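Summary of structural features
Now for the letters of each chain:
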Amino acid sequence: MSDIRNTKVLIIGSGPAGYTAAVYASRAMLEPILVQGMEPGGQLTTTTDVENWPGETEIQGPDLMINMEAHAKAVGTEIIGDLITDLDLSERPFTATGDSGMIYKADAVILATGARAKWLGLDSEEKFKGFGVSACATCDGFFYRGQEIIVIGGGNTAVEEALFLTNFASKVTLIHRRDELRAEKILIDRLMKNEKIEPLWDHVLEEVVGDEDPLGVTGVRVKHVTTGEITEIPAKGVFVAIGHAPANELVKDVLETHMGGYVVTKPDSTATSIPGVFAAGDLTDYKYRQAVTSAGMGCMAALEAEHFLAEQE
Ligand code: FAD
Ligand code: NAP
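These remarks concern the structure in this document. (Residues numbered from 1 in each chain as written. Chains lettered and ligands numbered in written order. Predicted model: local features only at pLDDT ≥ 70, side-chain atom pairs only at ≥ 80, totals over all residues. Heavy atoms only, no water.)

**Description of the overall build of the chain**
Of the regular secondary structure elements, the chain holds seven helices and 21 strands. Computed over C-alpha atoms, the radius of gyration of the chain comes to 21 Å, within 12% of the 20 Å expected from 2.2 N^0.38 for 313 residues, which places it in the range of a compact globule. Projected onto the principal axes, the alpha-carbon positions of the chain cover approximately 65 × 40 × 35 Å. Evaluated residue by residue, the chain yields a buried proportion of 47% over its 313 residues. Taking as baseline every contact in the chain between residues at least 6 positions apart, the subset at least 24 positions apart corresponds to 59%. For the chain, the centre of its 26 positive side-chain charges and the centre of its 47 negative side-chain charges are spaced 3 Å apart. (Helix = DSSP H or I, 4+ residues; strand = E, 2+ residues; numbered from the N terminus. Rg over C-alpha atoms; globule rule 2.2 N^0.38 Å. Buried < 20%, exposed > 50% of the residue type's maximum accessible area, 1.4 Å probe, protein only. Contact = heavy atoms within 4.5 Å. Lys, Arg positive; Asp, Glu negative; His and termini not counted. Charge placed at Lys NZ, Arg CZ, Asp CG, Glu CD.)

**Quick notes on the site of ligand 1**
Close to ligand 1 lie 35 residues; Ser14, Gln36, Glu39, Gln43 and Ala291 are nearest. A distance of 2.8 Å is found between an oxygen atom of ligand 1 and a backbone nitrogen or oxygen belonging to glutamate 39. Contact distances for ligand 1 include 2.8 Å between an oxygen atom and a side-chain N or O atom of glutamine 43. For ligand 1, the protein covers 94% of the area, taking 1,000 Å² as the surface of the free molecule. Those elements that provide at least two residues to the shell around ligand 1 are α1 (16–27), β9 (115–117), α5 (156–165) and α7 (291–312). (Near = heavy atom within 4 Å. Polar contact = N/O pair within 3.5 Å; in protein donor to acceptor, adjacent residues only side chain to side chain. Areas by Shrake-Rupley, 256 points an atom, 1.4 Å probe, with all protein chains shown as cover.)

**Quick look at the environment of asparagine 6**
By secondary structure assignment, the location of asparagine 6 is in strand β1 (residues 4–12). Assessed through its relative accessible area of 59%, asparagine 6 is described here as exposed. Separated by 282 residues in the primary sequence, asparagine 6 and tyrosine 288 place their C-alpha atoms 34 Å from one another.

**Quick notes on the sheet that holds strand β16 (residues 230–234)**
Sheet architecture is open: three strands sit in the order β14-β15-β16, paired in antiparallel fashion. Because the sheet does not close on itself, it has two edges, and the strands there are β14 (203–211) and β16. If you compare each strand with its neighbour and ignore which way they point, the axes differ by 25° on average. As judged from the eight bridges shared by β14 and strand β15 (residues 216–224), these two strands associate in the antiparallel manner. (Pairing = 2+ DSSP bridges. Axes fitted to C-alpha atoms, helices over the stretch in contact; angles between N-to-C directions.)

**Re the site of ligand 2**
By nearness alone, 20 residues border ligand 2, and Asn52, Thr157, Glu160, Arg178 and Arg182 come closest of all. The separation between an oxygen atom of ligand 2 and a polar main-chain atom of glycine 155 is 3.3 Å. Protein burial of ligand 2: of its 920 Å² of free accessible surface, 80% is covered by the chains. For the shell around ligand 2, the leading source of residues is α5, giving three residues. Residues that form the shell around ligand 2 fall into these classes: four nonpolar, ten polar and six charged. Among the domains, domain 1 (4–116 + 244–312) and domain 2 (119–240) are the pair contributing at least three residues each to the shell around ligand 2. (Nonpolar A, V, L, I, M, F, W, Y, C, P; charged D, E, K, R; others polar. Domains from an automatic or database assignment.)

**Focus: the pattern of salt bridges**
Applying the stated rule across the entire model yields eleven salt bridges. Among the salt bridges present, the one from arginine 190 reaches glutamate 51, with a minimum N-O distance of 3.1 Å. Pair noted here: arginine 190 is in helix α6 (residues 185–193) and glutamate 51 is in the loop between β3 (49–50) and β4 (59–60), with a separation of 139 residues, a long-range link. With a shortest N-O distance of 3.4 Å, glutamate 232 and arginine 221 are connected by a salt bridge. In this pair, glutamate 232 sits in strand β16 while arginine 221 sits in strand β15, placing the two residues eleven residues apart along the sequence. Since its relative accessible area comes to 54%, glutamate 232 is described here as exposed. Several salt bridges converge on common partners, so that one network encompasses Glu207, Arg221 and Glu232. (Salt bridge = Lys/Arg side-chain N within 4 Å of Asp/Glu carboxyl O.)

**Here's the deal with the pairing of strand β11 (residues 148–152)**
Most of β11 is tucked away, with four of its five residues classed as buried. Pairing analysis gives five bridges linking β11 to strand β12 (residues 171–175), with the strands arranged parallel. Counted as the bridge partner of glutamate 148 is lysine 171 from β12. With α5 bridging β11 and the parallel β12, this β-α-β connection has right-handed handedness. In this sheet, strand β17 (residues 237–240) lies alongside β11 in parallel orientation, the contact comprising four bridges. The residue bridging isoleucine 150 from the neighbouring strand is valine 238, located in β17. (Right-handed = clockwise from strand over helix to strand, strands pointing away.)

Given below as structure tokens:
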């Protein structure tokens, strides 16, 4: 038989939204349980320098998340290393099932499952994933010391990854489908000044090419978006940095979503269409998707859960 844990507030996710919700819910004496999922600390554990977290001119992403976890623990949150595989929101208490076999019964749920890297969907990308194709420069950049690397994308992540990869690579080609980056100006400035980075505008990835035995990338075939001309570029690593999609698998059939799967919340609120279920952070935010905005929504979710539970009593 499965073990059952009862809690007033179950927080699902351990990024800035989840940990901030945990701090506020703990300080409201709600004794929350936080389930971390398969990426304890969330997306910021996949980056290096974070330069826009107020109070820290510069801090490493993983360090910031260790600090947040310690803060949540210090104020009394029970943090559990488990993955929620099923969530039944049809009646209260809500029931979440963990991969560990644990059943969590909760009077209120805060969803803070964030977002995950998007892929291009090419067969060759799939084939070489883990063998030269990656979506995490911090995790895999070290393997490409002295090599040529490709980065795909034109947002903050792509530019940051390209800059970071110059620590290892002999050359980084940033391939973008337009001729204008959507990254912040300060990052674009750094990119343009970096002699190791060459932008390739108006191109899309057609195919990752490589060796079979051992499996490994040797280059890419890219296509010009207007002329259709194909060019081959040699590279040992391909980093796909084309954005993130909300991790909505647990709720996409029961909660309203919009703008490509982001959970809808009431205006100026984290309340979802189910009373007692709140959503915070990148799971709901198609617009800002920042650590500080996620943390702000985590705070709101905990305060709103507190009011909801008080009203039920
Ligand atoms: P996430 O950080 O995405 O965390 C989601 C959490 O949910 C994870 O812990 C995961 O394990 C958990 N989870 C998911 N599914 C389940 C499940 N089924 N059961 C249990 N748990 C689950 N923002 C900035 O402000 N500054 C930056 O410098 C910056 N740099 C970035 C660099 C990179 C490379 C990336 C990818 C993003 C960056 N961002 C930055 C954006 C920032 O990381 C996100 O906005 C923020 O992490 C979102 O927080 P979150 O709490 O909503 O979710
Ligand atoms: P993003 O801002 O959504 O940018 C995605 C990029 O990939 C865009 O340039 C897009 O091109 C391109 N793209 C998307 N689909 C593509 C496809 N199929 N083929 C080719 N190119 C494709 O995603 P992100 O850069 O991961 O950033 C996500 C969020 O995290 C943002 O809100 C960002 O501000 C935040 N973040 C912040 C920081 C920071 O503050 N330092 C760092 C990283 C991320 P188009 O431009 O043509 O649409």
